[in-house]
Amino acid sequence: MSRKGAEVPSVPQMQGTPRTKQRPPPPPFYLPLNITLWVCVVSNGIAAFLAPIQDCDEVFNFWEPTHYLDHGYGLQTWEYSPVYSIRSWLYISIHGIAGRIGSFLVGTKSSEFYFVRFFLAMLCAACQTRLYSAICRTLSPRIGLLFLMIVAFSPGMFHASAAFLPSSFTMYASMLGLAAFLDWRRNQQTAQGIMWFGLGAIVGWPFAGALMLPLLFEEVVIGFISGNLRKVFFEVVNGALRCLAILVAEIAVDYTFLRKLTVVPWNIVAYNVFGGEGRGPDIFGTEPWTFYIRNLLLNFNVWFLFAISSAPLLLLQAALRSQTTNKETLFRTVTLLSPFYMWFAIFTLQPHKEERFMYPAYPFLALNAAIAFHMILSYIGSSNPKELIGRVPAKLKLAVVMSVILVAINGGLLRTFGMITAYNAPLKVLRPLEQPEIAQPGDLVCFGKEWYRFPSSFFLPDGMRAKFIRSEFRGLLPGEFQDARDYSALLDGTSRTPEGMNDRNEEDAGKYTDVSQCSFLVDSHFPGRQATGLEPNYIQDEARWEEISCRSFLDASETGLLGRLIWIPDLPIIPDRFRRKWGQYCLLRQRTTHPETE
């Protein structure tokens, strides 16, 4: 059975040329691999330096433990308590090593933060280029170019590419796994594909292993038809043994940090699926079934529509243009389209929904959209006068195609730039603390209602700690790892069972600091938000607090729909109903702790 996808162009033989001087076939890329890599590096690099942090879990569950490994202190969530153990120290250690390297190359902790982010951006770019190469060689150069266009200019990939999240790590591994299943230049790559998907599922997020199932099913079917089922079996065993080796390594690392045997991937599944009453992901909030439709429309605009319509388009092509789609091509294409549909359906049915849950499926979404658009281009490219589409002028068809592409790219760029300008204040407002005349060792930086936007201890100079004051929030806030001055004390801190932790998101009063103890305070003011007793307007309390740094932050409650969705310039000619409205996001210093400033 053929392993190639739809409409793979054959390489013409050189006529009239002696064999000894026959030129090698041209590379099957519309865009060379070195340029592709640079496109991805630039796109992801911009995200590394400018993208706002989308989710507080990224900070508290991943940046803070990494800060603890590299600097000996940091905030700790209940997931890292040895009692629950649903986060792997192997994943954290990989980034901790990158951060340690960065600390020798850059001057400040905030620069170390961006170094780790850029490391992730480079890793993602390498995976994107590898998958682009496999798509071009095994499916079609045009599909590969469309795939690259989608991943380089979509807001979804902008957020996922450099995010310090297991779902992003799983996305990287899934790209390598898909490339291995596509790549048949060196015979079967089934074991390698299983290994990459297994790496993403074990070290990253265990649920992402489901993305491999349609691809593995295809291997078994083809092995049965071709009589090579025995070879497929050994490939699967080979891949499973590699995954077992990865799991053993993770268990060993976690045993070192937790001083107990535990299988973190199983703990994650057990909590999220079998948590029981009052536990599990639903206690952190639920969303309607339309959440991912709206979210993916924002993050991929028209490409999501193409991705979701790829299967119907394939069926139409098979029914109406059967001469272009044989059974082998149809089966192969259905296999490649299935992972995104399966992932989208599974997570749409789950009550608890978050944007990051879609990250592992982003490459499959991009591939589905590229295949769908490729089929449309193949249809409208027909010049057969017997067909209606063949009688449409070529210039008109080109204009329509370019309009769709330009709308998709410009829509993505407007959305991306809108997110950067609206929400990146938390990454900038703490910069003055790096100046020695502003802050002193031992100063406390407090967060109240803005606790979930804390960008991590990497933005605080050594000797400064983040603390929480009371707000209207009534869930469980992070605690603190035990301070560690050396490696032995570090392992004591990671294996210690912290107080005041639970897996039911129940508030612990011990996590709060009195506001009078705060040297600095991060607060926000939005005209559309009412102050309360627990969340007063500290910014306007000038008798007690002075502004050190303030940045504009989008007031979503006062801004219209269009202004929340995309970037709109703040110009007087823009009608008021379309203009973006702003609040303030500020770093304040308490005057009573610095009387010399009064």
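So, here is what we can say about the structure in this document. Note that the coordinates shown come from a computational prediction; the quantities given were computed from them, not determined experimentally.

1. Side note on unusual backbone geometry
For step 1, the next point in the chain: One non-glycine residue with positive phi stands out, namely Asn-301, at about 40°.
For step 2, the next point in the chain: Its location among the elements puts Asn-301 in the loop between helix H12 (291-300) and helix H13 (302-308).
For step 3, the next point in the chain: Even without a glycine there, the phi angle at Asn-505 is positive, about 55°.
For step 4, the next point in the chain: On the accessibility criterion, Asn-505 (23% relative accessible area) is partly exposed.

2. With respect to a nonpolar patch on the surface
For step 1, the next point in the chain: A cluster of nonpolar side chains, contributed by Trp-38, Val-42, Ile-46, Phe-49, Leu-50, Phe-118 and Met-122, occupies part of the molecular surface with about 670 Å² of accessible area.
For step 2, the next point in the chain: Those elements that provide at least two residues to the nonpolar patch are helix H1 (33-50) and helix H4 (109-138).
For step 3, the next point in the chain: The leading source of residues in the nonpolar patch is H1, at 5 residues.
For step 4, the next point in the chain: Structurally, Trp-38 is set in helix H1.

3. Concerning the pattern of salt bridges
Two side chains that carry opposite charge are able to pair once their charged atoms sit near each other.
For step 1, the next point in the chain: A full pass over the atoms with the stated rule returns 21 salt bridges.
For step 2, the next point in the chain: Note that Arg-87 is salt-bridged to Glu-79, the shortest N-O span being 3.9 Å. With respect to class, Arg-87 is no different from Glu-79; both count as buried.
For step 3, the next point in the chain: Where Arg-130 meets Asp-183, a salt bridge forms, and the shortest distance between an N and an O atom there is 3.2 Å. One end of the pair, Arg-130, is in helix H4; the other, Asp-183, is in the loop between helix H7 (166-182) and helix H8 (190-204), with 53 residues separating them in the sequence.
For step 4, the next point in the chain: A relative accessible area of 23% means that Arg-130 is categorised as partly exposed.
For step 5, the next point in the chain: One salt-bridge network, held together by shared partners, links Asp-55, Asp-57, Glu-354 and Arg-356.

Reading the values: the criteria
- Residues numbered from 1 in each chain as written.
- Predicted model: local features only at pLDDT ≥ 70, side-chain atom pairs only at ≥ 80, totals over all residues.
- Heavy atoms only, no water.
- Helix = DSSP H or I, 4+ residues; strand = E, 2+ residues; numbered from the N terminus.
- Buried < 20%, exposed > 50% of the residue type's maximum accessible area, 1.4 Å probe, protein only.
- Patch = residues over 30% accessible without salt bridge, like charges linked within 9 Å, V, L, I, M, F, W, Y side chains within 5 Å.
- Areas by Shrake-Rupley, 256 points an atom, 1.4 Å probe, with all protein chains shown as cover.
- Salt bridge = Lys/Arg side-chain N within 4 Å of Asp/Glu carboxyl O.

None of the figures reported here should be taken as evidence of function without further support.
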